[in-house]
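# Per-entry structural report
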Amino acid sequence: MDKKIAVVTGASRGIGQAIAAELVEAGYFVVASATSEAGVEKIKTTLGENGSAFILNLADKESCVVFNASVGKLGPVAVLVNNAGNTKDMLMLRMKDEDWDDVIETNLSGTFRVTKGFLKGMMKQRIGRIINISSVVGTMGNPGQANYCASKAGVEGFTRSLAYEIGSRNITVNAVAPGFIATDMTDELTEDQKNAMMANIPLGRYGNSKEVAKAVSFLASDDAAYITGQVLHVNGGLNMG
Ligand code: NAP
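All values reported here derive from a predicted model rather than from experimental measurement. (Residues numbered from 1 in each chain as written. Predicted model: local features only at pLDDT ≥ 70, side-chain atom pairs only at ≥ 80, totals over all residues. Heavy atoms only, no water.)

## Observations regarding the site of the ligand
Ser12, Thr35, Asn83, Tyr148 and Thr183 are the nearest of the 29 residues found near the ligand. Gly179 has a polar backbone atom sitting 3.3 Å from an oxygen atom of the ligand. Broken down by secondary-structure element, the contributors of at least two residues to the shell around the ligand are α1 (14–25), α6 (146–166) and α7 (184–187). Sort the elements by how many residues they give to the shell around the ligand and α7 lands first, with three residues. The residue inventory of the shell around the ligand, partitioned by class, reads twelve nonpolar, 14 polar and three charged. (Near = heavy atom within 4 Å. Polar contact = N/O pair within 3.5 Å; in protein donor to acceptor, adjacent residues only side chain to side chain. Helix = DSSP H or I, 4+ residues; strand = E, 2+ residues; numbered from the N terminus. Nonpolar A, V, L, I, M, F, W, Y, C, P; charged D, E, K, R; others polar.)

Laid out in structure tokens, this is it:
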């Protein structure tokens, strides 16, 4: 393969779909994931000859192993974007153990597993970019999202620790923390939750997936070679500093 490979998890819709498109634009062969065959087919149709896709369920250890192996057969990975994530919102008092576990397993442990699977290969190449999609609420917290906020704060700690560990191999590790981006995920919020968010966004609008994808594409580029261990916020001013 003459193109470099970029992996994007969860690219069947929303932010991941926009990131995949942006990385194709930047000249990568994009290997993406969805949780269903229908999602995989959708990605393959969208990417055409510029990419491929496989099934991945981040909460399932075996699925992560199979995904890593399938991608590994295509060649070394230059860019890894850990984008896939889910929410299972509920106030703490009523949050079920399985909803806590599922969100932590998917967003945090899944990110650990998929990254670990590609790490040796990247270290051998002595070049690479890892970009983890966090969330503004990993910093701010949010009522009803204790599991999700904990997972994203964990992703940011993971990002910084790994940046220390593999900086000497010329691999940068950063996070992008979107604010309120209009996707299926935010569609699930109640009108009250949406209005409360909007009242605190200085730019006075929700963001869109492409605006997040542009930040990811920048961190993947040569222009970002000296940036590592950082969290880049794309949130319209919802949270500053
Ligand atoms: P989305 O529209 O709900 O899409 C989620 C993507 O993740 C889909 O491709 C989905 O695959 C995949 N996915 C879900 N559960 C998975 C699992 N267990 N294993 C593997 N893949 C799984 O979400 P989004 O809004 O684009 O969010 C993308 C990322 O940005 C997430 O990490 C999210 O936490 C973060 N984020 C979003 C916002 C926002 O406002 N939208 C804000 C901050 C952070 P299927 O299509 O097959 O289900």
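## Brief notes about the packing of helix α3 (residues 61–72) against helix α4 (residues 97–125)
The geometry of α3 relative to α4 is characterised by a closest axis approach of 9 Å and an angle of 35° between their N-to-C directions. You can see that α3 and α4 cross each other, and the crossing is right-handed. On α4, the residues touching Lys61, Cys64, Phe67, Asn68 and Val71 of α3 are Arg113, Val114, Gly117 and Phe118. Across the contact of α3 with α4, the residue classes tally to five nonpolar, two polar and two charged. (Axes fitted to C-alpha atoms, helices over the stretch in contact; angles between N-to-C directions. Left-handed = near helix turned anticlockwise from the far one by under 90°. Contact = heavy atoms within 4.5 Å.)

## Description of the environment of Thr172
Within the secondary structure, Thr172 sits in strand β6 (residues 171–178). Thr172 sits in the buried class, given a relative accessible area of 5%. Separated by 46 residues in the primary sequence, Thr172 and Phe218 place their C-alpha atoms 12 Å from one another. Aside from chain neighbours lying at most four places away, what touches Thr172 is Gly128, Arg129, Ile130, Ala224, Ala225, Ile227 and Thr228. (Buried < 20%, exposed > 50% of the residue type's maximum accessible area, 1.4 Å probe, protein only.)

## A word on the pairing of strand β3 (residues 51–55)
The two faces of the sheet receive side chains in turn, since in a regular strand these alternate between them. Summarising the sheet, strand β2 (residues 29–34) and β3 pair through five bridges and their orientation is parallel. Its bridge partner being in β3, Val31 is matched across the sheet by Ser52. What joins β2 to β3 is helix α2 (residues 37–47), and the crossover it makes is right-handed. (Pairing = 2+ DSSP bridges. Right-handed = clockwise from strand over helix to strand, strands pointing away.)

## A closer look at α6
Compared with an ideal rise of 1.5 Å per residue, which puts 21 residues at 30 Å, α6 spans 30 Å between its outermost C-alpha atoms and is within 8% of the ideal. Within α6, burial applies to Asn147, Tyr148, Cys149, Ser151, Lys152, Val155, Glu156, Phe158, Thr159, Leu162, Ala163 and Ile166. Contact partners of the buried residues in α6: α4, β5 (128–133), α5 (137–140), β6, α7 and β7 (231–234). (Expected span 1.5 Å × (residues − 1).)

## Structural notes on the pattern of salt bridges
All chains considered together, the criterion is met by six salt bridges. A salt bridge links Arg13 to Asp184; its shortest N-O distance comes to 3.0 Å. Remark: Asp184 occurs in helix α7 and Arg13 occurs in the loop between β1 (5–8) and α1; sequence separation between them is 171 residues. Arg13 gets classed as partly exposed once you look at its relative accessible area, which sits at 48%. (Salt bridge = Lys/Arg side-chain N within 4 Å of Asp/Glu carboxyl O.)

## Here's the deal with unusual backbone geometry
The residue Arg126 is not glycine, and still its phi comes out positive at about 55°. Within the secondary structure, Arg126 is located in the loop between α4 and β5. Accessibility expressed as a relative area gives 47% for Arg126, which makes it partly exposed. The phi dihedral of Asn170 is positive, around 65°, even though this residue is not glycine. Within the element layout of this structure, Asn170 appears in the loop between α6 and β6.

## Observations concerning the sheet that holds β6
Overall, parallel pairing links the seven strands, which are arranged β3-β2-β1-β4-β5-β6-β7 in an open sheet. Each edge of the open sheet carries a strand with a single partner, namely β3 and β7. The average angle at which neighbouring strand axes cross in this sheet is 20°, direction not considered. Strands in contact with α4 are β1, β4 (77–82), β5 and β6; relative to β4, the strand with the most contacts, it is inclined by about 165°. Helix-sheet contacts for helix α9 (residues 209–220) involve β4, β5, β6 and β7, and the interaxial angle to β6 is about 165°.

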